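Each chain, written out:
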Amino acid sequence: MNSETIGFMPATEWAEKIRTKQMSPVEAMRTLLDRISALEPKVNAFAYLAADQAMDAARAAEKAVMGGERIGRLHGVPVTIKDLAWTKDMPTQNGSLSSKGAQPTEDTPVVPRLKAEGAIILGKTTTSEFGWKGVSESPLTGITHNPWKHGMNAGASSAGAGAAAAAGFGPLHQGSDGAGSIRMPAHFCGVFGLKPSFGRVPYYPVGTGDLTSHMGPMTRTVADGAVMLEVMGGPHHLDFTTLEAWPAAYQARLAEGIKGKKIAYSPDLGVARVDPDVAALVKAAVDRFTELGAHVEEVTIPWGKPGPELIRFFWSAHMTSRKPLLARWENQMDPGLVACIREAENIRADEYQAARERKMRYVADIHRWFEDWDFLLTPSVSVAGFPAEKLMPDHWPTHPWDWVSWAEFSYPFNMSWNPASSVPCGFTTDGLPVGLQIVGKRFDDLGVLQASAAFEGVQPWADKRPML
């Protein structure tokens, strides 16, 4: 098989071909690595490519298959890990020169879980510095390019994961999402991304950002995302926030559909500005859900107004965790991150506590509203790709650090812990992807996957590939 066939092969097919000895793990990995070697200079998806380790693991996978040993659900399937997630045998550099070459002494829990099912770690994908922004650029790795158009934002902070998925650098990519960092690159790169319910996937070390960061899959198909979530999810003793329940049989139940479901559609959450081409593609996608037998209604969101104030307060406040770096590294850090840190330097404890009280009321309002709805549909992001050297599109107001103004649809569901996906729903006239966000009730990860799969069935996207 040629490199394009291998690069874009779904994980479900990859695993089946290896299990049935139709495909050699060694030859498949060699072909994929050749593809990455040829195209990575155009994309820059990797902060660290572990080619030798991947080939060694592929040889071990082939030996296991031929020797009749236990075969896991992802045996021989390549996967990437975001460069914010700890890996004990690869550097974890956080997109920052201040962390260059840093080597943790342990893995975050999803890494051994993926390996236990036979997955092969390709390397670490790029991230914005400490995951602070939604633009695919960092002081450590430079620009990660959108595979659909060189130089354009691929989204962040799971920048390399989204770009790698779109470029055909294998089927499975781990992302994390503290204010949209899975859904934004999925939107910009035209792939599937799922931020599951908070606690579904263990996240260690547990972050200090008021428990808003989630781990989840970034893939080209919903089925691959479902399998990856099944493998990564479940309780873990090192993350005290993980849910007690183990994941459901997500992949086996994808085809159950959404007939009769009650779906709300909000074009703006009552607060967001949206570019017309994005709005039009999302509205057309929403109409497909009626075809699928759901009851769809455009609504006015009653709880949206506090959101922008809250995210700007907390985003800046939580970035002060990086303030100790400024004394040595300020001149080598992302200027926007520095400005974000500086803005919150004088926040008092009582101001922070008052903001948290407002946030808890905001979250309660979201969940009270969801009592009447199965799903909420919105744009994933307000804009399509723009030059990645810029924090804001040219036609949006400038600000020293506030990239959030074009990403108002993401963060509410980090605060409220609802599951939310981004599914590709079309291309602008400039040929850039746009995503539709599907939000479900808390804990209904299965429902969001089923709704995503139902839409994928009537408007598939995995056959669309960038010309690299």
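Further up the page is the structure itself.
1. With respect to the overall build of the protein
For the protein, the helix and strand inventory stands at 15 helices and 15 strands. The C-alpha radius of gyration computed for the protein amounts to 21 Å, which stays within 12% of the reference 23 Å derived for 468 residues, consistent with globular compactness. Referenced to the eigenvectors of the C-alpha coordinate spread, the extents of the protein come out at roughly 60 × 60 × 45 Å. Here the protein, with 468 residues, has 61% of them falling under the buried criterion. Across the protein, every contact between residues at least 6 apart in sequence was considered, and the portion connecting residues at least 24 apart equals 76%.

2. Overview of the nonpolar core
Generally speaking, a soluble globular protein has its nonpolar side chains buried in company with each other. Grouped together as the largest cluster of nonpolar side chains are 142 residues, with contacts concentrated most on L376, W403, W406 and L436. Other than its neighbours up to four places away in sequence, L436 contacts V282, A285, V286, F289, L377, T378, S380, S421, S422, V423 and C425.

3. Structural notes on helix α12 (residues 335-343)
Because an α-helix packs 3.6 residues into every turn, residues spaced three or four apart end up facing the same way. Within the sequence span of α12, burial applies to G336, L337, V338, C340 and I341. Along its buried surface, α12 packs onto α10 (306-319) and α11 (326-329).

4. Let's talk about the sheet that holds strand β8 (residues 172-177)
Two pairing modes exist for strands in a sheet, parallel and antiparallel, and in both the strands are linked by backbone hydrogen bonds. The sheet built from eleven strands is open, its strands ordered β1-β3-β2-β8-β10-β9-β14-β15-β13-β11-β12 with mixed pairing. The sheet is open, and its two borders are formed by β1 (46-49) and β12 (295-298), each paired with just one other strand. Here the strands of the sheet are splayed against their neighbours by 25 degrees on average, with no regard to which way each runs. Pairing of strand β2 (residues 78-82) with strand β3 (residues 120-125), which is carried by five bridges, proceeds in the parallel orientation. Each residue of the ladder has a partner; that of K82, found in β3, is T125. Strand contacts of helix α6 (residues 159-167): β3, β8 and β10 (214-219), with the helix running at about 150 degrees to β8, the strand carrying the most contacts. On the sheet, helix α15 (residues 445-458) packs against β9 (192-195), β13 (375-379), β14 (420-427) and β15 (433-440) and is oriented at approximately 10 degrees with respect to β14.

What counts and how
Residues numbered from 1 in each chain as written. Predicted model: local features only at pLDDT ≥ 70, side-chain atom pairs only at ≥ 80, totals over all residues. Heavy atoms only, no water. Helix = DSSP H or I, 4+ residues; strand = E, 2+ residues; numbered from the N terminus. Rg over C-alpha atoms; globule rule 2.2 N^0.38 Å. Buried < 20%, exposed > 50% of the residue type's maximum accessible area, 1.4 Å probe, protein only. Contact = heavy atoms within 4.5 Å. Core = buried A, V, L, I, M, F, W, Y, C linked by side-chain atoms within 4.5 Å. Pairing = 2+ DSSP bridges. Axes fitted to C-alpha atoms, helices over the stretch in contact; angles between N-to-C directions.

Scope: geometric values only; no functional claims are made or implied.
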